[in-house]
Amino acid sequence: MSDPSLFASPLARQAARNLRTVEWLSENNTWRSYPICRLSFWRTRWMMAVTPDEAAAWLPALAFAVSCEEDTYVLAEFARWPLPEPLPPEALRWRDRLIQVWEQYPAAATWKKAIHLAALVRLDRRLERLPEWLREARRSLDLKWDDRHSHLAALAGWRPRPGDGPPYGDKAEAAQAWVRFWEKRYRTPCSELEGLIAATARLHLAEAGWLPSGPSPERLREEFRQRVQQCPVSYLGWSVLRMLPASVPADASFPEQQDIMAWLKLTHKNVQWEKREAVWDMLAAWQREGIMERSGRGRLVGGGSGSRPYWLLPALARALEWEEDGHVLRAMARYVPVLAEVRAHPKAARAVVAWWEALSRSYNWRTRCEAWVARWNFLRAGVLTAEEQGRFGADYMDAIRSEKEGVVLLTLVQIQPPGTFPLATWAGRLSDQDETPGKRCRLAARLAIHGRLVDMAGGGQRRQMRQVLRRAGQEGTDAGTVAPFVNLPPEVLPDSRRLHEIETALAAGHLPPSPDAGMENRATPRAVPARLPESHPRTGPPGITGQTTGRTAGSEPPAGHPFPETVRHE
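Here is what the cut-offs are and how they apply
- Residues numbered from 1 in each chain as written.
- Predicted model: local features only at pLDDT ≥ 70, side-chain atom pairs only at ≥ 80, totals over all residues.
- Heavy atoms only, no water.
- Helix = DSSP H or I, 4+ residues; strand = E, 2+ residues; numbered from the N terminus.
- Buried < 20%, exposed > 50% of the residue type's maximum accessible area, 1.4 Å probe, protein only.
- Contact = heavy atoms within 4.5 Å.
- Salt bridge = Lys/Arg side-chain N within 4 Å of Asp/Glu carboxyl O.
- Phe/Tyr/Trp six-rings, centres within 6.5 Å; stacked < 30°, edge-to-face > 60°.
- Lys NZ or Arg CZ within 6 Å of the ring centre and 35° of its normal.
- pLDDT = per-residue confidence, 0-100.
- Arc of directions from axis to C-beta.
- Axes fitted to C-alpha atoms, helices over the stretch in contact; angles between N-to-C directions.
- Left-handed = near helix turned anticlockwise from the far one by under 90°.
- Nonpolar A, V, L, I, M, F, W, Y, C, P; charged D, E, K, R; others polar.
- Core = buried A, V, L, I, M, F, W, Y, C linked by side-chain atoms within 4.5 Å.
- Expected span 1.5 Å × (residues − 1).

Quick look at the side chain of Arg80
At step 1: On the secondary structure map, Arg80 appears in the loop between helix H6 (72-79) and helix H7 (92-104).
At step 2: On the basis of relative accessibility, which here comes to 17%, the residue Arg80 falls in the buried class.
At step 3: Once residues within four sequence positions are removed from consideration, Arg80 is found in contact with Trp46, Arg122, Arg242 and Asp281.

Focus: the pattern of salt bridges
At step 1: A full pass over the atoms with the stated rule returns 39 salt bridges.
At step 2: With a closest N to O distance of 3.3 Å, Lys113 and Glu136 form a salt bridge. Placement of the pair is Lys113 in helix H8 (residues 110-123) and Glu136 in helix H9 (residues 130-140), with a sequence separation of 23 residues.
At step 3: Classification of Glu136 by relative accessible area gives buried; the value is 8%.
At step 4: A salt bridge links Arg185 to Glu194; the shortest N-O distance between them is 3.1 Å.
At step 5: Within this structure, Arg20, Glu23, Glu27, Arg498 and Glu501 form a network of salt bridges that share partners.

Observations regarding the packing of aromatic side chains
At step 1: Considering all chains together, one arrives at 16 aromatic pairs under this definition.
At step 2: Both rings, one in Trp102 and one in Tyr105, keep their centres 6.4 Å apart while their planes meet at 45°; by these two values the pair is tilted. Of the two residues, Trp102 and Tyr105, both sit in the buried class.
At step 3: Between Trp238 and Trp273, the ring centres sit 5.3 Å apart and the planes meet at 55°, which makes this aromatic pair tilted. Of this pair, Trp238 sits in helix H14 (residues 235-246) while Trp273 sits in helix H16 (residues 273-288), placing them 35 residues apart in sequence.
At step 4: Over the ring of Tyr186 we find Arg202, and its NZ or CZ is 4.0 Å from the ring centre.
At step 5: Of note, Arg440 hangs over the ring of Tyr34, and the distance from its end group to the ring centre comes to 5.4 Å.

Quick word on the environment of Thr30
At step 1: Mapping Thr30 onto the fold places it in helix H2 (residues 29-33).
At step 2: Overall, Thr30 belongs to the buried group, its relative accessible area being 12%.
At step 3: With 412 residues separating them along the chain, Thr30 and Arg442 place their C-alpha atoms 9.2 Å apart.
At step 4: Ignoring any residue separated from it by four or fewer positions in sequence, one finds Thr30 in contact with Lys439, Arg440 and Leu443.

Quick word on the confidence of the model for the chain
At step 1: Taken over all residues, the pLDDT of the chain has a mean of 81, while the share at 70 or more is 78%.
At step 2: Long-range and interchain partners of residues 297-310, a stretch whose pLDDT sits below 50, account for 31 contacts in this model, where long-range means more than four residues apart.
At step 3: Note that pLDDT drops below 50 for residues 471-485; the model gives that stretch 21 contacts with residues more than four away or on any other chain.

What about H9?
At step 1: If you check which residues of H9 are buried, you get Leu130, Trp133, Leu134, Glu136, Ala137 and Ser140. Down the axis of H9, the buried side of the element spans an arc of 165°, and every buried residue falls inside it.
At step 2: Of the surrounding secondary structure, the elements contacted by the buried residues of H9 are H8, helix H10 (145-156) and helix H11 (172-187).

Notes on the packing of helix H21 (residues 346-359) against helix H22 (residues 365-380)
At step 1: Closest axis-to-axis distance for the H21/H22 pair is 8 Å, and the angle between their directions is 145°. In the crossing of H21 with H22, the sense of the turn from one axis to the other is left-handed. For the pair H21 and H22, the contacting residues are Val352, Val353, Trp356, Glu357 and Leu359 in the first and Thr367, Arg368, Ala371, Ala374, Arg375 and Phe378 in the second.
At step 2: Looking at the contact of H21 with H22 residue by residue, the classes come out as seven nonpolar, one polar and three charged.

With respect to the nonpolar core
At step 1: In terms of nonpolar packing, the biggest core is built from 165 residues, with Trp42, Trp102, Trp178, Trp182, Trp356 and Trp426 touching the most fellow members.
At step 2: Here the element with the most residues in this core is helix H26 (residues 436-458); it accounts for 10 residues.

A word on the packing of helix H18 (residues 313-320) against H21
At step 1: Remark: H18 packs on H21, axes separated minimally by 9 Å, with the N-to-C direction vectors making an angle of 35°. Note on packing geometry: the crossing formed by H18 with H21 is left-handed. Of H21, the residues touching H18 (which contributes Leu313, Pro314, Leu316, Ala317 and Leu320) are Ala348, Ala349, Ala351, Val352, Trp355, Trp356 and Leu359.
At step 2: Residues of the contact of H18 with H21, tallied by class, amount to 12 nonpolar, no polar and no charged.

Topic: the environment of Ala507
At step 1: Tracing the backbone shows Ala507 in helix H28 (residues 496-507).
At step 2: Here Ala507 falls in the partly exposed class, since its relative accessible area comes to 29%.
At step 3: Sequence-wise, Ala507 and Arg13 are 494 residues apart; in three dimensions their C-alpha atoms are separated by 8.2 Å.

Quick look at helix H3 (residues 35-47)
At step 1: Given a rise of 1.5 Å per residue, 13 residues ought to cover 18 Å, and the 18 Å separating the end C-alpha atoms of H3 matches this to within 8%.
At step 2: Burial analysis of H3 places 11 of its 13 residues in the buried class, the great majority of the element.
At step 3: Cys37, Arg38, Leu39, Ser40, Phe41, Trp42, Arg43, Thr44, Arg45, Trp46 and Met47 are the residues of H3 that are buried.

Here you go:
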């Protein structure tokens, strides 16, 4: 009988590698002991510009991570994870598993309950869930002020699926009750924030055609923006505010020029940072959806008959001159211009690149994390010049050699540029001192080496990896390809049997068994001195397609998406 893993699709293989990596991380004491490591890892993944298939390939790993997580802040990041639409057919089962994990999560605390609801209403948009969401909405009215707002904001993010018009028959009663609930909250809100929440829910219903006699979606969009502008936001209201614009996609009714210009006014220095973050997050999401490019309405008119239209790059460059808030910079790092935008505003593009380069050397380690991801996003989009690409590579090598904050190193692991894998440098970081920063640095180094080995084992190079380990201690074929000897600790060696187990399950259309199942039958890896093929140069990072990309700076990316199809090992 043939091995099902031999017929695994590239998507399933990438999903298997991602899941195995997160399983491996969960076995590490530093990873389990420091929530900041987990938070940074997943925030980096959230900021990175990826293709829909790449996002889908993280669903099994995300389901596993949710099932293990207890920290509220990390769970909140999971609830914001982008779900590509439409999903590849084989990823539907993975999404269902993620929904099941969220449903089974023991959300006893009221704030965890809000996170739980926010995740489910984004993942499961079926009409059949409306009676449940309606019950939760009514219960939230009995909660204390802040909990009431967080629960209502989570539920207001529910949007009917495309094509789900106003229901009839058995489903009509719940749908009508849902509409009435939000209409009442809209007419008689208990606070300005609750009025904003109700306006968000009404906008979703109007865009789905559920308010045939009500105002148009365009009018509701304008009202929504005005409410965001006028609503005072306390720190406790920040978590509510960041849920709302993020739930408003631009695909239902394209924003007009004046809409974008009005939203940009809310990114100015005199506006609360909570609002600046929410608006940049929304604009970055619109850009990634291709709304600006497809509609032709994302260009802003500077005024006057002779003025030249432009995109958001000039506004981004101006904002980077003064913006210091880490939350806002994180949202701004997600904005990735397309090549047409870069050609229209080359000076602004170069200014943005220069600002992100400077911020990647900031004294604030959180700012360094955000800036590095922004630089990687620009690199991957193909908009860096040859000189900027060279600086990226040189700065990257300097950073992985000298960075003292392990959380930043965890970010650097995930954004390795194309080219030679720096095994010797990462191996050197395995001996960092045994203190809190040292523990996190060693975790990052182990992740880098383990990830490279998993990438080889699951990316069609399993035989090459075995030969490398088997021939440890032998000389290389020529001086230019010899990697230095390194004693690899057992914990960085991949569990090929478990990886094969996961691939087999995903290829057969099943979910893999628990990683604890069958552990007693697995041999413990031993430390071996190994020559890993550092000299395996890549012109593009290996990923789902199993191919490489050879684009140079400024060349056109594949049609239909502003990013190459592949990403390096996760």
